[in-house]
Amino acid sequence: CHDYTADLSDRSAPKQVNKATRIVRAMRRAEHTVSDFAPPDSWTGLPQTKNCVLVPVNQTSAEFKQVSGRFLETMPSKTRIVRLERIQNSALWDYYCLRKERMTKVNKRVPLEASVWHGTGNPRDRSAGGTDPAMIYTDVQDGFMMQYCKSGMWGVALYFAEKAVYSHDYSYNRPNGT
């Protein structure tokens, strides 16, 4: 992450100055509206007063079957799903779409996407419970943030897994034991 100073002295050609390198470049402004990034069809309406809601996913829906199937295929057989909720955060959705659009433009192709797992617990201190996932999904700017990362196998980083079983040891413990 870099720090910049905005130079708005010439309103027709605003500039940004990198504080560390002193490199100056023209500021660009993205011209987007929220309607440019329509949410997925599975989303229900967001309340006017909230940016983020958790929506229970119906156990008979295709979405539930797809997510639970992927989850259970790498978990121990005794595992059961208590509840599945869809996170609907319009600010993070817009941010995701903007970053995807930028990657497409820079790389001249649509980036590959993957569904992955992430846990927010601390396997060395199970009594602590870990970081409440709400810290991630209610954020209005970035979602996953490096400043909350701790050192892992390859250093301080955000870690994601292809298999649910890998993230299970890092799962958040709710006060009720789930």
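Reading guide: rules and limits
Residues numbered from 1 in each chain as written. Predicted model: local features only at pLDDT ≥ 70, side-chain atom pairs only at ≥ 80, totals over all residues. Heavy atoms only, no water. Helix = DSSP H or I, 4+ residues; strand = E, 2+ residues; numbered from the N terminus. Polar contact = N/O pair within 3.5 Å; in protein donor to acceptor, adjacent residues only side chain to side chain. Contact = heavy atoms within 4.5 Å. Phe/Tyr/Trp six-rings, centres within 6.5 Å; stacked < 30°, edge-to-face > 60°. Buried < 20%, exposed > 50% of the residue type's maximum accessible area, 1.4 Å probe, protein only. Pairing = 2+ DSSP bridges. Axes fitted to C-alpha atoms, helices over the stretch in contact; angles between N-to-C directions. Salt bridge = Lys/Arg side-chain N within 4 Å of Asp/Glu carboxyl O. Patch = residues over 30% accessible without salt bridge, like charges linked within 9 Å, V, L, I, M, F, W, Y side chains within 5 Å. Areas by Shrake-Rupley, 256 points an atom, 1.4 Å probe, with all protein chains shown as cover.

Student: I'd love a proper account of the side chain of Asn89, names of residues and values included.
Tutor: You can see Asn89 is positioned in strand β5 (residues 85-89). Of note is the side chain of Asn89, whose polar atom sits 2.9 Å from the side chain of Asn51. From its side chain, Asn89 meets the backbone oxygen of Tyr137 in a polar contact 2.6 Å long. Ignoring sequence-local partners within four residues, the contact set of Asn89 consists of Trp43, Asn51, Cys52, Tyr137, Thr138 and Asp139.

Student: Summarise the packing of aromatic side chains; cite the residues concerned and give the values.
Tutor: Scanning all chains against the criterion turns up four aromatic pairs. Ring centres 6.1 Å apart and planes at 25 degrees place the aromatic pair Trp154 and Tyr159 in the stacked group. Taking the relative accessible area as the measure of exposure, Trp154 reaches 69% and is therefore exposed. Take Tyr159: its relative accessible area is 28%, and that puts it in the partly exposed class. Among the aromatic residues, ring-to-ring pairing joins Trp43, Trp93 and Tyr96 into one connected group.

Student: Quick one: what's the story with the sheet that holds strand β3 (residues 24-26), residue by residue and with numbers?
Tutor: The three strands lie next to each other as β1-β2-β3, forming an open sheet whose pairing is antiparallel. At either margin of the open sheet sits one strand with a lone partner, and together these are β1 (4-7) and β3. Each strand of the sheet is rotated relative to its neighbour by a mean of 30 degrees, with strand direction disregarded. Judged from the three bridges that link them, strand β2 (residues 15-18) and β3 form a sheet pairing that is antiparallel. Bridge pairing in β3 links Val17 to Val24.

Student: Tell me about the pattern of salt bridges, residues and numbers included.
Tutor: Under the defined criterion, the tally for this structure stands at three salt bridges. We note a salt bridge from Arg83 to Glu85, for which the minimum N-O separation is 3.2 Å. One salt bridge in this structure joins Lys100 and Glu113, with 3.2 Å as the shortest N-O distance. Placement of Lys100 in helix α2 (residues 90-107) and of Glu113 in the loop between α2 and α3 (134-137) is noted, with a sequence separation of 13 residues between them. A residue is classified by how much of its surface remains accessible, and Lys100, at 26% relative accessible area, is partly exposed.

Student: Could you give an account of a nonpolar patch on the surface, with specific residues and numbers?
Tutor: Together, Val116, Phe144, Met146, Val156, Leu158 and Phe160 make up a nonpolar patch on the protein surface, roughly 500 Å² of accessible area in all. Along the chain, the position of Val116 falls in the loop between α2 and α3.

Student: A description of the environment of Asp94 should follow, citing residues and the corresponding values.
Tutor: In this structure, Asp94 sits in helix α2. Among the residues examined, Asp94 registers a relative accessible area of 16% and is labelled buried. Distance in space between the C-alpha atoms of Asp94 and Val140 is 9.9 Å, their sequence separation being 46 residues.

Student: Go over the environment of Val110, please, and point to the residues and values.
Tutor: Inspection of the secondary structure assignment puts Val110 in the loop between α2 and α3. Judged by its relative accessible area of 52%, Val110 falls in the exposed class. Along the chain, Val110 and Lys100 lie 10 residues apart, while their C-alpha atoms are 7.6 Å from each other.

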